[in-house]
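# Reading the structure
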Amino acid sequence: PEQMVRSEAAIHANAVYGLFRKTNLFTALPFRWVDYYSPDLIQQKNGPGDLTLGLFQQLLQKANGFNLNGELAVIAPTGSHKNLARTEVPLGDGAFAARLGVDGKAPLKKGEFVYAANYLYRGTNSNDISLGDRMTILASFQKELQNSYGHFVYEDGLFSGYYFKNSIGSAVISNSNEF
């Protein structure tokens, strides 16, 4: 409903293992706190989300600091997503997913340019809902600032994404690309 207040927070537990000089294996598990409040219903749930396992590969590293990295990841449906009470929110998608992306940075005179692009393929969950895929891009300028109060990073940029709509069979689920 329009009167809904959404409150979400997550802490990601990450582990990285250097397999080769330019190749790293990684895992990520988010711990999520989700609260939705509306005049009709309060929905809440806390706990682990979906587990990500993947591989980072350094594709290009120039002496001037320019770099380009690739990522391939598989996301397993480990977050709670079925047999939930009406007052509970799912913490995972309930479907396997795969992500392919690139990221990197390029030095500039007064900072650095950071960029990333990825495509997330999402499968069909246990409720036979085909989850819409997602494409995202990021471009930002970052400048490190150091003073007597500490070390800070100024960042200004653009983040854009396109979320495909979810569907059941051939029927598209309205507004399902908004979250």
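## Observations regarding the pairing of strand E6 (residues 97–108)
Bridge count for strand E5 (residues 67–76) against E6 is 9 bridges, and the pairing is antiparallel. Note that in E6 the partner of Ile75 across the bridge is Ala97. Pairing of E6 with strand E7 (residues 111–122), which is carried by 12 bridges, proceeds in the antiparallel orientation. Pairing of Gly104 across the sheet is with Tyr115, part of E7. Between the antiparallel neighbours E6 and E7 lie 2 residues.

## Concerning the sheet that holds strand E8 (residues 129–130)
The strand order across the open sheet formed by 3 strands is E8-E11-E12, and the pairing between neighbours is antiparallel. Since the sheet does not close on itself, it has two edges, and those belong to E8 and strand E12 (171–172), each with one partner. Judged from the 2 bridges that link them, strand E11 (residues 167–168) and E12 form a sheet pairing that is antiparallel. Note that in E12 the partner of Ile168 across the bridge is Ala171.

Analysis parameters
- Residues numbered from 1 in each chain as written.
- Predicted model: local features only at pLDDT ≥ 70, side-chain atom pairs only at ≥ 80, totals over all residues.
- Heavy atoms only, no water.
- Pairing = 2+ DSSP bridges.
- Helix = DSSP H or I, 4+ residues; strand = E, 2+ residues; numbered from the N terminus.

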